[in-house]
Amino acid sequence: MADSKREIERKYEATAGTRLPDLSRVAGVSAVVHRGVTELDAVYHDTEDHRLAADSLTLRRRTGGSDAGWHLKFPVASGIRDELREPLSDTLPRSLAGLVRSRVRGAALVPVVRLRSARDVHHLVDDRGELLAEVAVDEVRAARLTGGGSTATWTEIEVELADDGDPALLDAVERRLRKAGIRPSASASKLARALAETGPGTAPDSAKKPKKEKAARAEKAREEPAPPTAGDHVLAYVRRQTEAIVALDPAVRRDLPDSVHQLRVATRRLRSALRTYRRILDRDVTDPVGRELKWLAAELGIDRDQEVLDARLRGRLDELPRTLLLGPVRGRLRIRSTARRAGSRRRTVAVLDGKRYLALLESLDALLADPPLLPAASRAPRRALPRALLKEYRRLAKRVGHALDLPPGHDRDIALHEARKAAKRTRYAAEAARPALGKPAKRFAKRMKAVQSLLGDHQDSVVAREALRTLAVQAHGAGESAFTWGLLYGREEAAAAARERELPGVWERASRPELRAALGG
């Protein structure tokens, strides 16, 4: 796994004649130490159509300086990026190639821009000599390597916070820079500026357009946009979830907290939208995509379900007094969790590396590029969307009623699980309709989430009991006490029974007629 570093920095415009103000007067800074000038040579790689740059990712191979090697940067927030580093090599390391795979797909990564910088480095240190921030004045020479582009030069100032530094220091430094007439850069990164200034058609007279062309553009800008249709709303939701899948892919590969869960949710939301709004998007096209989304969610579930189960069982053990922890219960649980987690994670990464997953991403792109809209897609959102949403609600109501009619036991557990899936689908349908239907859809989604959460906790208890029984059998076979596992089994059984008693009240609140009426049903 590549080394990771959180980079917090700000960039400022400068000229060759710009001089830094006295930054030792910034609060907390005791001295400014000049570290000399370093020559940096970086070649940035991307697809020919700049897919990485479009998502504000940068991939470079850099020589010179203290951190020569391959660097991949992911945006986190304005001025904040995660930088992953691998040692210098002639070819792109496999770990970094995997992290950009959801964007690159089958396209080749090629050198697109070369940046050579003379970096004049200054360190801001405290009274103990500890680094607070690095201030660099960069004289940059950029050359486009593809597409018949040109070259560009500029000077900029970069202020990067030291590891675990206080971001307030950047505000204080900026005040000093602004007082000296130095303003923030209009470009988020050197690569973005290089692409803008070295691309084809960047010569000065290329900006001169015929008057008729300018007049036509101005007239077009004055035209009133057509009101959004039901199809516009559904496609916007599909696009957001597709973008979320692509963006979360590298987070899963990096094993970031909750990333598998978020990716699985995006997958399920997308599949739900395709199923719910079948009168808007042609199911002959969307059903095959939906089946692949179902497959992906199931594969991700192996890893995610293990996370949920591990957290639940650890929490249950933490609730018990030490006197009731008989035998090596924590050790046995840890061994089980580690073995299962390692296997599920390897499987998840293998799925993301597989051809089937990449084919799914391509099919989603194709769907968005040429959406299979049906006649209902042209209708007003307030006419078309509630109908589909309330159809989902009726399916949920039927499943909840069926589950409540059954006696406690295995059959009811299965029925409640089916009701949970219907509640989730109804909630997602309401979330998709929220931009068009407003507060009624928001309130409806909130009520459906309450039903889903209760049924989800019930299902988690069912799964936990199966695991606890297995742990008890293993402990008994090893000559250990199975008392603690049996105790937890009983507590989970009681928790499930409590959720079943709560369900009628939660469902009554969620199914109030006035809420459905507000949606148009």
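The rules behind these values
- Residues numbered from 1 in each chain as written.
- Predicted model: local features only at pLDDT ≥ 70, side-chain atom pairs only at ≥ 80, totals over all residues.
- Heavy atoms only, no water.
- Helix = DSSP H or I, 4+ residues; strand = E, 2+ residues; numbered from the N terminus.
- Buried < 20%, exposed > 50% of the residue type's maximum accessible area, 1.4 Å probe, protein only.
- Contact = heavy atoms within 4.5 Å.
- Areas by Shrake-Rupley, 256 points an atom, 1.4 Å probe, with all protein chains shown as cover.
- Patch = residues over 30% accessible without salt bridge, like charges linked within 9 Å, V, L, I, M, F, W, Y side chains within 5 Å.
- Salt bridge = Lys/Arg side-chain N within 4 Å of Asp/Glu carboxyl O.
- Lys, Arg positive; Asp, Glu negative; His and termini not counted.
- Charge placed at Lys NZ, Arg CZ, Asp CG, Glu CD.
- Pairing = 2+ DSSP bridges.
- Axes fitted to C-alpha atoms, helices over the stretch in contact; angles between N-to-C directions.
- pLDDT = per-residue confidence, 0-100.
- Phe/Tyr/Trp six-rings, centres within 6.5 Å; stacked < 30°, edge-to-face > 60°.
- Parallel < 35°, antiparallel > 145°, perpendicular 65-115°, else oblique.
- Nonpolar A, V, L, I, M, F, W, Y, C, P; charged D, E, K, R; others polar.
- Expected span 1.5 Å × (residues − 1).
- Core = buried A, V, L, I, M, F, W, Y, C linked by side-chain atoms within 4.5 Å.

Asker: Just to check I follow, could you spell out the overall build of the chain for this structure?
Answerer: Helix and strand counts for the chain stand at 16 helices and 8 strands. For the chain, the spread of C-alpha atoms along the three principal axes comes to 80 × 70 × 45 Å. When each of the 521 residues of the chain is scored for burial, the buried share is 45%. In the chain, 74% of the contacts between residues at least 6 apart in sequence involve partners at least 24 apart. Surface summary for the chain: the accessible area is close to 26500 Å², and the carbon and sulfur share equals 51%.

Asker: When you look at a positive patch on the surface in this model, what are you seeing that I'm missing?
Answerer: Residues R279, R379, R383, R387, K391 and R394 make up a contiguous surface patch of positive charge. Take K391: its relative accessible area is 51%, and that puts it in the exposed class.

Asker: What should I look at first to understand the sheet that holds strand β1 (residues 3-14) in this one?
Answerer: Two strands in a sheet stick together by hydrogen bonds in their backbones, pointing the same way (parallel) or opposite ways (antiparallel). Strand order in the closed barrel formed by 8 strands is β1-β5-β4-β3-β2-β6-β7-β8, and the pairing between neighbours is antiparallel. Mean inter-strand twist for the sheet, computed between neighbouring axes without regard to direction, equals 35°. Bridge count for strand β7 (residues 131-144) against strand β8 (residues 151-161) is 11 bridges, and the pairing is antiparallel. Bridging from a neighbouring strand, R141 pairs with T153 of β8.

Asker: I tried to follow the side chain of R193 on my own but got confused; where do I start?
Answerer: As for its placement among the helices and strands, R193 is situated in helix α5 (residues 190-198). Residues in contact with R193, not counting those within four places in the same chain, are E13, W154 and S187.

Asker: Would you explain the confidence of the model for the chain in this entry?
Answerer: Interpretation of the predicted coordinates at a detailed level should be avoided for regions scoring low in pLDDT. Here the chain averages 90 in pLDDT, while 93% of its residues score no lower than 70. Averaged over each element, pLDDT in the chain is lowest for helix α6 (residues 211-222) (46) and highest for strand β3 (residues 58-63) (97). Every residue in residues 203-222 scores below 50 in pLDDT, and together they form 3 contacts with partners more than four places removed in sequence or on other chains.

Asker: What is the right way to look at the packing of aromatic side chains in this model?
Answerer: Each aromatic ring pair is specified by the distance between its two centres and by the angle formed by the two planes. Within the structure shown, the criterion is met by 2 aromatic pairs. Their ring planes at 65° and their centres at 6.1 Å tell us that Y393 and F444 sit as a pair that is edge-to-face. With a gap of 51 residues between them, Y393 in helix α12 (residues 381-405) and F444 in helix α14 (residues 439-477) connect regions that are remote in the sequence. For Y393, a relative accessible area of 8% gives the class buried. Aromatic pair Y393 and W507: ring centres 5.7 Å apart, planes at 15°, arrangement stacked.

Asker: How do you make sense of unusual backbone geometry when you look at a structure like this?
Answerer: Glycine aside, a negative phi is what most residues show, and trans is what most peptide bonds show. A positive phi angle is found at H50, which is not glycine, with a value near 60°. Looking at where H50 falls in the secondary structure, it is placed in the loop between β2 (31-46) and α1 (51-54). Despite not being glycine, D164 shows a phi value in the positive range, around 65°.

Asker: Whenever I open this one, the environment of E492 confuses me. Can you help?
Answerer: Structurally, E492 is set in helix α15 (residues 483-510). With 24 residues separating them in the primary sequence, E492 and L468 have C-alpha atoms 9.4 Å apart. When neighbours within four sequence positions are excluded, E492 is seen to be in contact with R312, R316, S461, A464, R465 and L468.

Asker: Would you explain the packing of helix α9 (residues 283-319) against α14 in this entry?
Answerer: Remark: α9 packs on α14, axes separated minimally by 10 Å, with the N-to-C direction vectors making an angle of 75°. Between α9 and α14, the angle is such that the two are roughly perpendicular. For the pair α9 and α14, contact is made by V308, L309, R312 and L313 and by D457, D460, S461, V463, A464, A467, L468 and L471, respectively. When grouped by side-chain class, the residues that make up the contact of α9 with α14 number 8 nonpolar, 1 polar and 3 charged.

Asker: Looking at this structure, how should I read helix α4 (residues 168-179)?
Answerer: A turn of α-helix holds 3.6 residues, and therefore any two residues three or four places apart point the same way. Under the 1.5 Å per step criterion, the end-to-end length of α4 is 17 Å for 12 residues, consistent within 8% with the ideal 16 Å. Along α4, the residues that are buried comprise L169, L170, A172, V173, E174, R176 and L177. Just downstream of α4 lies G181, where phi reads positive at about 85°.

Asker: Would you mind going over the pairing of β2 with me for this structure?
Answerer: On a regular strand, each side chain points to the face opposite its neighbour's, so the side chains alternate between the two faces of the sheet. Pairing between β2 and strand β6 (residues 110-125): 15 bridges, direction antiparallel. Pairing of H34 across the sheet is with H122, part of β6. Relative to β3, β2 runs antiparallel, the two being bridged by 4 bridges. If you follow D41 over to β3, its bridge partner there is T63.

Asker: Looking at this model, I keep getting lost on the side chain of H122. Mind explaining?
Answerer: The topology assignment puts H122 in strand β6. Judged by relative accessible area, H122 falls into the buried class, the value being 14%. Look past the residues within four positions of H122 in its chain and what remains in contact with it is L20, V32, V33, H34, A133, E134 and V135.

Asker: Which parts of the structure should I look at to understand the pattern of salt bridges?
Answerer: Side-chain pairs of opposite charge can arise whenever the charged atoms involved come near each other. Taken as a whole and assessed by the stated rule, the structure comprises 56 salt bridges. When the shortest N-O distance is used, the salt bridge between R10 and D171 registers 2.7 Å. Placement of R10 in strand β1 and of D171 in helix α4 is noted, with a sequence separation of 161 residues between them. Judged by relative accessible area, which is 35%, D171 ranks as partly exposed.

Asker: When you look at the pairing of β6 in this model, what are you seeing that I'm missing?
Answerer: Counted residue by residue, β6 has 12 buried out of 16 residues, so it is predominantly covered. As paired strands, β6 and β7 are joined by 13 bridges and run antiparallel to one another. Across the sheet, residue A118 finds its bridge partner in β7, namely E139. Turn length for the β6-β7 hairpin, with the two strands adjacent in sequence and antiparallel, is 5 residues, and the turn residue G129 shows positive phi of about 85°.

Asker: Before we go on, may I ask you to explain the nonpolar core in this structure?
Answerer: Note that soluble globular proteins tend to have their nonpolar side chains buried in a common cluster. Counting 64 residues, the largest nonpolar core has V238, I245, Y277, I280, Y357 and L385 as its most contacted members. The leading source of residues in this core is helix α13 (residues 410-437), at 12 residues. Excluding anything up to four places from it in sequence, V238 contacts L270, L274, L281, L367 and L368. Core analysis: the next-biggest nonpolar cluster, separate from the first, contains 18 residues, A14, V29, V159 and L161 among them.

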